[in-house]
Amino acid sequence: MHFIALASSLTVSIIFAVFAPVQLTTSKVPQLNNEEAPTNKLEIVKKRADLIRLNNQQVKLIGRYTSKSWKPDPQSTGIPGFQGLYTQSQIVLEDDTKVSIFPSWNKQSLRSPDEVEKYNNQIVEAIGVVQFEAIPFPNSQICESFINLSQLSLYIQ
């Protein structure tokens, strides 16, 4: 009998501990910031040499926005009867180096029609982390430079 009483009181204690109100704290915990550096302090990428030098860093990339669209194989989309287009975009640097907006093997590389209409053939500034001639997996035949985009806007000199 004592065993049942002990087990019952333990169970009740555990239940109260789980459902007890949580006390909020006012401690000063530093907040994480998504941007590694203020945008006015970022290094600027305008040429291939800049891209190589600043590989794997957050930068401000400046160049001409271009895009290409195509009709995908409906079976590869995973959407039965898909009728739309896929559009991927690149930023072309001063020396004609092409930097994809996200790697082509990533779904984020598919750009919206609104973005393409707004920026196509315009000079833009893109903020994000750049990768120079990355590959999706070892021994891959695909190799491309890209930016993991966090911000895109028209370039104002």
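Scroll up for the structure.
Rules behind the numbers
Along every chain, residues carry numbers that run from 1 in the direction the sequence is written. Thresholds applied to this predicted model are a pLDDT of at least 70 for local features of residues and 80 or more for the giving and counting of side-chain atom pairs; totals over whole chains, interfaces and linings are not thresholded and use all residues. The basis for the side-chain values is all heavy atoms of the structure; hydrogens and waters are excluded. Each nonpolar core is a collection of buried residues, namely Ala, Val, Leu, Ile, Met, Phe, Trp, Tyr and Cys, held together in the definition by side-chain atoms within 4.5 Å. Only protein chains enter the accessibility calculation, which uses a 1.4 Å probe; a residue is then buried when its area is under 20% of its type maximum, exposed when over 50%, and partly exposed in between. The helix and strand labels rest on DSSP assignments: H or I over at least four residues marks a helix, E over at least two residues marks a strand, and numbering proceeds from the N terminus. Contacts are assigned to residue pairs that have any heavy atoms within 4.5 Å of one another. For salt bridges, the criterion is a side-chain nitrogen of Lys or Arg within 4 Å of an Asp or Glu carboxyl oxygen. Here a polar contact is taken to be a pair of N or O atoms separated by no more than 3.5 Å, where protein atoms must pair a possible hydrogen donor with a possible acceptor and residues adjacent in sequence count only if both atoms sit in side chains.

*Asks:* How do you make sense of the nonpolar core when you look at a structure like this?
*Replies:* Core analysis: the largest hydrophobic core is formed by 20 residues, its most contacted members being Val45, Leu61, Tyr65, Ala126 and Leu152. Contributing elements (two or more residues each) for this core: strand S2 (58–70), strand S4 (98–101), helix H4 (113–119), strand S5 (123–134) and strand S6 (144–154). Every residue in contact with alanine 126, bar those within four places of it in the chain, is listed here: Val59, Lys60, Leu61, Ile91, Ile147, Leu149, Gln151 and Leu152.

*Asks:* I tried to follow the pattern of salt bridges on my own but got confused; where do I start?
*Replies:* A side chain with one charge may pair with a side chain of the opposite charge, provided their charged atoms come close. In total, this model carries four salt bridges according to the counting rule given. For glutamate 43, the salt bridge is made with arginine 53, and the minimal N-O distance between the two is 3.7 Å. Placement of the pair is glutamate 43 in strand S1 (residues 43–45) and arginine 53 in helix H2 (residues 48–53), with a sequence separation of 10 residues. Using a relative accessible area of 40% as the deciding quantity, one classes glutamate 43 as partly exposed. Classification of arginine 53 as partly exposed rests on a relative accessible area of 48%. The salt bridge partner of arginine 53 is aspartate 50, with a shortest N-O separation of 3.6 Å. Of this pair, arginine 53 and aspartate 50 both sit in helix H2, three residues apart, which is roughly one turn of the helix. Several salt bridges share partner residues, and in doing so they unite Glu43, Asp50 and Arg53 into one network.

*Asks:* Mind showing me how you'd approach the environment of alanine 49 here?
*Replies:* Within the secondary structure layout, alanine 49 lies in helix H2. In this structure the C-alpha to C-alpha distance between alanine 49 and threonine 97, which are 48 residues apart in sequence, comes to 9.7 Å.

*Asks:* Looking at this structure, I do not really get unusual backbone geometry. What am I missing?
*Replies:* Even without being glycine, phenylalanine 102 reaches a positive phi, approximately 65 degrees. Tracing the sequence through the fold places phenylalanine 102 in the loop between S4 and H4. Phi is positive for asparagine 121, which is not a glycine, with a value near 65 degrees.

*Asks:* Hey, could you run me through the side chain of threonine 87 in this one?
*Replies:* Take threonine 87: it is sitting in strand S3 (residues 86–92). Residue threonine 87 is classed as buried on the basis of its relative accessible area of 11%. Within the local environment of threonine 87, its side chain forms a polar contact with the side chain of serine 69, the two groups lying 2.7 Å apart. Each residue touching threonine 87, except ones within four places of it in the same chain, is listed here: Ser67, Lys68, Ser69, Ser109, Leu110, Arg111 and Val116.

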